[in-house]
Amino acid sequence: MSPRGVLSGLGYAPILVGVLLSTGQDAAAQNSCVTAQCHATLLTKTNVHPPSDSCDSCHESVAAPHPQNGAKTFKLTSEPPELCFACHDAFGEKGDVHPPVKEGMCTTCHDPHASNEPKLLAQPVKDLCTACHDDISEKVEKAPVVHAAVKGEKGCASCHSPHASDNPKLLLNPEKETCLGCHKTIVTQAMTVLHGPIKDGKCTACHDPHGGPNAKLLVQEFPQGPYAPYTDQEYALCFSCHKRDLVQSRDTSSATGFRDGERNLHFVHVNKAPKGRSCVLCHAVHGGTSPKLIADSVAFGTWSLPLKFAKTETGGSCAPGCHKPQSYDRQRPGKKPEAPKANPSQG
């Protein structure tokens, strides 16, 4: 071949290579899973599942050519949840397992390709959970008082594990720890006497964890002010556990230990119009340092009234700001209160 022929041949070589490369790129694009002709929007969301970089991480061909009308030409390399557990640690080995996890349907809650939600969730947390738990959703929507955790960014996941837990109700921690994780001042180490439900770790005995009609998420009604004369409907929350005969009889020898002889001092305080005293004017509802959950002090308007309660074998005494010092004794009624002991630090 002449030099001119050689040069001529070399001159066409880049053009030929360019054509071949262009043809190869076009072919690759046409065969891609995410071309405009096929799954164009599959991976266009904010959070993309890393294995989606290579479709054959999870999918394999079972027939050619692809696609075919009316024929399935690809399948998963294995079925969920085994497919997911090839990368993710296995869930569902704890005592309480979320039903979608138990059934192996990870895609009930997660998009396997891409999502605009964290953790590849198929929907926002609130919408995802209420899609199944519509009873709670309906209750919360109608409730005038809703737990702040439910309304928060994490929603249900603030308290519940979406996969599995060794605690009932899929709680992240035991019930008491779950509540006190946020409500840190409700129960303190100084409290030596705890209310029964708190002692048993059951905050939900008195509070609804999601929402309800009553202030402070109480499961039943309780008066919010300091005064509420007793009726058979009043103080529903307290009398869901305690017996109502505690305050119903003017005189008793057995319904309560808070009596002077047989004079029922619960009746005196609560069954009194128009200013029947609320339970919380004497008792600490969560815990305290005095017997019978008698509070060290109670709020009354802007004041904090010390109760100065002292218990004896057969009664006790108190000297609050609302009345002069008084004592009671079940065996010796009418006993005068003992003079307060001098405080050595004050001489």
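Everything quoted here is computed from the prediction, not taken from an experiment.

What follows concerns the pairing of strand β14 (residues 303-306). With 4 bridges joining them, strand β13 (residues 297-300) and β14 adopt antiparallel strand pairing. Residue F300 lies in a different strand from β14, and its bridge partner there is W303.

A word on the nonpolar core. Judged by nonpolar contacts, C206, L218, F222, A228, Y230, Y235, L237, F239, V247 and V270 together constitute the single largest core of 10 residues. Each residue touching V270, except ones within four places of it in the same chain, is listed here: A228, P229, Y230, Y235, V247, G276 and R277. Counting 7 residues, the second largest nonpolar core, distinct from the first, contains I294, A295, L305 and L307.

Moving on to the sheet that holds strand β16 (residues 315-318). Taken together, the 3 strands give an open sheet; going across it, the order is β15-β16-β17, and neighbouring strands pair in antiparallel fashion. Only two strands of the sheet have a single partner each, and these edge strands are β15 (310-311) and β17 (326-329). In terms of strand pairing, β16 meets β17 through 4 bridges, oriented antiparallel. Paired with G316 across the bridge in β17 is Y328.

Locating L172 in the fold gives a position in the loop between β7 (164-165) and α7 (175-180). Distance from L172 to A157, taken between C-alpha atoms, is 8.5 Å for residues 15 residues apart in sequence. Once residues within four sequence positions are removed from consideration, L172 is found in contact with A157, S158, C159, H160, S161 and N167.

As a further point, take the environment of S158. You can see S158 is positioned in the loop between α6 (148-151) and β7. Along the sequence, S158 and L172 sit 14 residues apart, while their C-alpha atoms lie 8.3 Å from each other.

Let us now look at the side chain of T178. Mapped onto the secondary structure, T178 falls in helix α7. Aside from chain neighbours lying at most four places away, what touches T178 is C159, L171 and N173.

Procedures and definitions
- Residues numbered from 1 in each chain as written.
- Predicted model: local features only at pLDDT ≥ 70, side-chain atom pairs only at ≥ 80, totals over all residues.
- Heavy atoms only, no water.
- Pairing = 2+ DSSP bridges.
- Helix = DSSP H or I, 4+ residues; strand = E, 2+ residues; numbered from the N terminus.
- Core = buried A, V, L, I, M, F, W, Y, C linked by side-chain atoms within 4.5 Å.
- Buried < 20%, exposed > 50% of the residue type's maximum accessible area, 1.4 Å probe, protein only.
- Contact = heavy atoms within 4.5 Å.

Don't take any of this as a statement about function, it's just geometry.
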